[in-house]
Amino acid sequence: MIKWLASPENEGAWARSANLLPARYSAFDRWYPLDTYVAFVRQELERAVAPPPAQVMQVVGPAIQKAVADVLRGQAQPTEAATAAVASVARSSK
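None of these values were measured; they are calculated from a predicted model.

(A) Examining the overall build of the chain more closely. Per the secondary structure count, the chain includes 6 helices and 0 strands. Ordered by position from the N terminus, the helices and strands of the chain form the series α-α-α-α-α-α. Overall, the C-alpha framework of the chain stretches about 55 × 30 × 15 Å when taken along its three principal axes. By residue count, 19% of the 94 residues in the chain fall in the buried class. Long-range pairs, those at least 24 residues apart, make up 11% of the contacts in the chain between residues at least 6 apart in sequence. Of the roughly 7,300 Å² that the chain leaves accessible, carbon and sulfur atoms contribute 63%. In the chain, the 10 positive side-chain charges and the 8 negative ones have mean positions that sit 8 Å from each other.

Below, the structure is given as structure tokens:
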């Protein structure tokens, strides 16, 4: 049954009836007829990048957040803020 459901034809039809995006690229051809919306969704999904693992975000996230805030407040130039963020992450990972 799983093999049947996972076939591109059935996955595309199931995703369409459930108002979901197909989980696999091959099912897009059977999801909806190609139109500008489907082309847009496919393009965006192809460009999407999965977020880093939570452990990475716990170290990198605060450094990036501080760097962005410092630049927005005018307390640092973007290059300086980026350098400080890299140094902060390097200190945290030791």
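(B) Structural view of unusual backbone geometry. The backbone phi angle of Asn-19 is positive, close to 55 degrees, even though this residue is not glycine. Take Asn-19: its relative accessible area is 67%, and that puts it in the exposed class.

(C) Highlighting helix α5 (residues 54–72). A rise of 1.5 Å per residue sets the reference length of α5, with its 19 residues, at 27 Å; its end C-alpha atoms lie 25 Å apart and thus fit the reference within 8%. The sharpest bend along α5 reaches about 35 degrees and sits at Val-60, with the proline Pro-62 one to four residues further on. The set of residues buried in α5 consists of Gly-61, Ala-63, Ala-67 and Asp-70. Residues of α5 that are buried in the fold lie against α6 (78–92). Immediately beyond the C-terminal end of α5, within one or two residues, lies Gly-74, with a positive phi of roughly 80 degrees.

(D) Structural detail: the packing of α5 against α6. Relative orientation of the contacting elements α5 and α6 amounts to 160 degrees, with a least axis distance of 9 Å. Considering the angle they form, α5 stands roughly antiparallel to α6. Of the two possible hands of crossing, α5 and α6 adopt the one that is right-handed. Two secondary-structure elements touch here, α5 through Val-59, Val-60, Ala-63, Ala-67 and Val-71 and α6 through Pro-78, Ala-81, Ala-85, Ser-88, Val-89 and Ser-92. Considering only residue class, the contact of α5 with α6 consists of 9 nonpolar, 2 polar and no charged.

(E) Just a nonpolar patch on the surface, in detail. On the surface, Met-1, Trp-4 and Leu-5 cluster together into a nonpolar patch covering about 400 Å² of accessible area. On the secondary structure map, Met-1 appears in the segment before α1 (2–6).

(F) Fine view of the packing of aromatic side chains. This model, assessed by the stated rule, comprises 2 aromatic pairs. Ring centres 5.4 Å apart and planes at 75 degrees place the aromatic pair Phe-28 and Trp-31 in the edge-to-face group. Of the two residues, Phe-28 and Trp-31 are both situated in helix α3 (residues 28–31); the distance of 3 residues between them amounts to about one turn of the helix. An identical accessibility class is assigned to Phe-28 and Trp-31; each is buried. Aromatic pair Trp-31 and Tyr-37: ring centres 6.4 Å apart, planes at 40 degrees, arrangement tilted. Among the residues examined, Trp-31 registers a relative accessible area of 3% and is labelled buried.

Each value, and the rule that gives it
- Each chain carries its own residue numbering, running from 1 in the written order of its sequence.
- Given that the model is predicted, a residue must reach a pLDDT of at least 70 before its local features are reported, and side-chain atom pairs must reach 80 or more before they are shown or counted; all residues, however, enter totals for whole chains, interfaces and linings.
- Think of the side-chain values as coming from all heavy atoms in the structure, minus any hydrogens and water.
- Secondary structure elements are defined from DSSP: runs of H or I of at least 4 residues count as helices, runs of E of at least 2 residues count as strands, and each element is numbered from the N terminus.
- Buried means the residue's accessible area, taken with a 1.4 Å probe over protein chains only, is under 20% of the maximum for its type, while exposed means over 50%, and partly exposed covers the values in between.
- Contacts between residues were defined by any pair of non-hydrogen atoms, one from each residue, lying within 4.5 Å.
- Note on areas: Shrake-Rupley with a 1.4 Å probe; residue coverage comes only from the protein chains shown.
- Think of it this way: Lys and Arg go in the positive column, Asp and Glu in the negative one, and His and the chain ends go nowhere.
- We put the charge of a Lys on NZ, of an Arg on CZ, of an Asp on CG and of a Glu on CD.
- Working rule for helices: expected span equals 1.5 Å times residues minus one.
- Across the chain, bend at a residue is computed as the angle between axes fitted to the seven residues ending at that point and the seven starting from it.
- Where helices are involved, their axes are fitted lines through C-alpha atoms of the stretch in contact, as for all axes, and angles between N-to-C directions lie from 0 to 180°.
- Roughly parallel means an angle under 35 degrees; roughly antiparallel, over 145; roughly perpendicular, 65 to 115; everything else is oblique.
- The handedness criterion is simple: a crossing whose near helix is rotated anticlockwise from the far helix by less than a right angle is left-handed, and one whose near helix is rotated clockwise is right-handed.
- Classification convention: Asp, Glu, Lys, Arg as charged; Ala, Val, Leu, Ile, Met, Phe, Trp, Tyr, Cys, Pro as nonpolar; all other residues, Gly among them, as polar.
- A residue counts toward a patch only above 30% relative accessible area and without a salt bridge, and it is joined to like-charged neighbours within 9 Å or, for Val, Leu, Ile, Met, Phe, Trp and Tyr, to nonpolar neighbours within 5 Å.
- Salt bridge, as used here, is a side-chain nitrogen of Lys or Arg placed within 4 Å of a carboxyl oxygen of Asp or Glu.
- When two rings of Phe, Tyr or Trp (its six-membered ring) have centres within 6.5 Å they constitute a pair, described as stacked for plane angles under 30 degrees, edge-to-face for angles over 60, and tilted for the intermediate range.

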